[in-house]
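# Observations on chain architecture
As a plain string of letters, each chain reads:
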Amino acid sequence: MNWCIFNSEEMGSSTLVCVRRVKQEAPEEWDESMPLPGDIIEGFVEDDGDGLFVQAKVRSDLSSQLGKISQRVDPIWLKVKRGDTTLKLCVNVVPEKNSLLQKRFTVKAVKDDRHIAVLGDLTLEQCTELQEMSRRVVGVNCRAFSKKEVKYDWRLKMEAYLPDRNSSIISSILFLPMQGEYSVEATTARCMAWFSAAVSSGIPLVFVNIQTEQTATPERTQCAGKESLWGAQNHNATVQIIQGIRLWFLPGIAEALLEMAVKPGEARFGIDIKRTDEGFICVYSVTKGSAADRAGAWQLYEEANKNGHLLIISRLGGKSLLPSSVCSAGFIHCCDHNEIKDTLASAIEQIDSIQIHFMAWPDQTLTSNNTKSIGVASLLPAKGY
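In this report, we go over the structure that sits alongside the text.

When helices and strands are tallied, the protein shows 7 helices and 20 strands. The buried share of the protein, reckoned over its 385 residues, is 43%. Contacts in the protein between residues far apart in sequence, at least 24 positions, make up 69% of those at least 6 positions apart. For the protein, the accessible surface area stands at approximately 22200 Å², while carbon and sulfur atoms represent 51% of it.

Along the chain, the position of Ser63 falls in helix 1 (residues 59-70). Of the polar contacts made by the side chain of Ser63, one reaches the backbone nitrogen of Phe105; its length is 2.7 Å. Those residues within four positions of Ser63 in sequence are excluded, and the remaining contacts are Arg104 and Phe105.

Let us look at the pattern of salt bridges. Tallied over the entire structure, the rule returns 12 salt bridges. Arg155 is paired through a salt bridge with Glu159; the nearest N and O atoms lie 3.5 Å apart. Here Glu159 and Arg155 lie together in helix 3 (residues 154-161), a separation of 4 residues that amounts to about one turn. A residue is classified by how much of its surface remains accessible, and Arg155, at 58% relative accessible area, is exposed. When its relative accessible area of 40% is taken as the criterion, Glu159 is described as partly exposed. Two residues, Asp272 and Arg268, come together in a salt bridge whose shortest N-O distance is 2.7 Å. Note on Asp272: relative accessible area 23%, which makes it partly exposed. Overlapping salt bridges bring together Glu29, Asp112 and Arg114 as one network.

Here we take up unusual backbone geometry. Even without being a glycine, Ile351 presents a positive backbone phi close to 50 degrees. Along the chain, Ile351 falls in the loop between helix 7 (337-349) and strand 19 (354-360). Judged by relative accessible area, which is 54%, Ile351 ranks as exposed.

By the definition in use, this model includes 0 disulfides. The structure places no disulfide on Cys334, whose sulfur is separated from the nearest cysteine sulfur, that of Cys335, by 7.1 Å. In this structure Cys334 comes out as partly exposed when scored by relative accessible area, which is 29%.

This part covers the packing of aromatic side chains. Taken as a whole and assessed by the stated rule, the structure comprises 5 aromatic pairs. Centroid distance Phe195 to Phe207: 6.0 Å. Interplanar angle 75 degrees. Geometry classified as edge-to-face. Pair noted here: Phe195 is in helix 4 (residues 184-200) and Phe207 is in strand 8 (residues 205-219), with a separation of 12 residues, a long-range link. A relative accessible area of 10% places Phe195 in the buried class. What links up through ring pairs into an aromatic cluster is the set Phe175, Trp194, Phe249 and Phe280. Of note, Arg246 hangs over the ring of Trp248, and the distance from its end group to the ring centre comes to 6.0 Å.

Attention shifts here to the nonpolar core. Among the nonpolar cores identified, the biggest contains 28 residues, and Met260, Phe269, Ile271, Val283, Ile313 and Phe358 are the most heavily contacted of them. Going through the elements one at a time, strand 12 (254-260), strand 13 (271-275), strand 14 (281-286), helix 5 (291-295), helix 6 (297-306), strand 15 (311-316), helix 7 and strand 19 are the ones with two or more residues in this core. Beyond its immediate sequence surroundings of up to four residues, Ile313 is in contact with Ile271, Ile273, Ile281, Val283, Leu321, Leu322, Ile356, His357 and Phe358.

Basis of the calculations
- Throughout this description, residue numbers start from 1 for each chain and increase along the sequence as written.
- Reporting of local features is limited, given that this is a predicted model, to residues whose pLDDT is at least 70; pairs of side-chain atoms are given and counted only at 80 or more, and all residues count toward the totals for whole chains, interfaces and linings.
- Each side-chain value is worked out from all heavy atoms of the structure, with water and hydrogens disregarded.
- Every helix listed is a DSSP run of H or I at least four residues long, and every strand listed is a run of E at least two residues long, numbered separately from the N terminus.
- Residue exposure (1.4 Å probe, protein chains only): buried if accessible area is under 20% of the type maximum, exposed if over 50%, otherwise partly exposed.
- Pairs of residues are marked as contacts when any of their non-hydrogen atoms sit within 4.5 Å.
- Exposure was quantified through the Shrake-Rupley algorithm and a 1.4 Å probe, taking into account, for residues, occlusion by the shown protein chains and nothing else.
- In protein, a polar contact requires one atom able to donate a hydrogen and another able to accept it; more generally it is a pair of N or O atoms within 3.5 Å, and residues adjacent in sequence count only if both atoms are side-chain atoms.
- Take a side-chain nitrogen of Lys or Arg and a carboxyl oxygen of Asp or Glu: if they are within 4 Å of each other, that pair is a salt bridge.
- The criterion for a disulfide is a pair of cysteine sulfur atoms lying within 2.5 Å.
- Put simply, two rings from Phe, Tyr or Trp (the six-membered ring, in Trp's case) pair if the centres are within 6.5 Å, and we call them stacked under 30 degrees between planes, edge-to-face over 60, tilted for the rest.
- The criterion is that NZ of a Lys, or CZ of an Arg, lies within 6 Å of the ring centre and within 35 degrees of the ring normal, and then a charge sits over that ring.
- By nonpolar core we mean a set of buried residues, namely Ala, Val, Leu, Ile, Met, Phe, Trp, Tyr and Cys, connected to one another through side-chain atoms within 4.5 Å.

Right under this line is the structure:
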């Protein structure tokens, strides 16, 4: 229970016994209970009791004392100075494998046999630099509250806070480089031109992020006189890795959900749609007294039209109608117009209701009793704690 005492001043030394590095090469597996680079060793004790100690002197003497105590007890408690904090670390004493002429000893972490300290006689400045490195790796000065598991009702939250529980609020579109675009900047410029044109035309997109993305595309090859694509049983096929640009955006500050239901005898929902140049589905008229009008679509259309905005459908029956990609030939991949009409016609034939989500502008008032706002506007933080 007595601390083994060393005194560097007695030797006239200006260095400290310090952990110079550790042999564990996976820093993400380090933690505060282990000897870390920069730790100044002040002494050690056989158990977790308290005792008097002073600063350790040189590595050779510490190694000798570790060899003697290891014959009696293992593990031991190491007392180290780490920043402004003094810590007790439970460690095992182990021989240094590379000490051939003279047997030397060091310490390793109890919980990880790979985490072996390499000791050295260093100056205080050198120790401080190493400690700063260790702090960045494991955050030894960032004391945190203990963690516990909390049950979360994912199904309820997704049904309540997503337009469709199988679809996220955020959307993206991938731009592949066209022929002649040999830099990321060129593809990015075309991507931002599309985004700016969409917003300028009256589509309420909200920019979120932009990133590069590598995509593997098959190249057409000739095999036995027939053209084939990569993926078929063709050993001559090749794959080209290209650098695309993915743009992340929000479909307005919210998505306004309307549920349209036809009455017996009605042959249509009462909305007319068309496709914009950028590939979005736009409502260009709403019939008064129709199912769409009763659901609140006419009110949204009139307000958007009055402010010079477009009324864009983001989802139909929970499925996204937003453009998804732009190929190397420059074509925008978006939903088939006829398939949208067939979906609406099928609901009418079955006298069934259908849910439609519209993009909402920041200054748009969603006051209809049939309108439910889901999206960014629902995620604004509340005041207080």
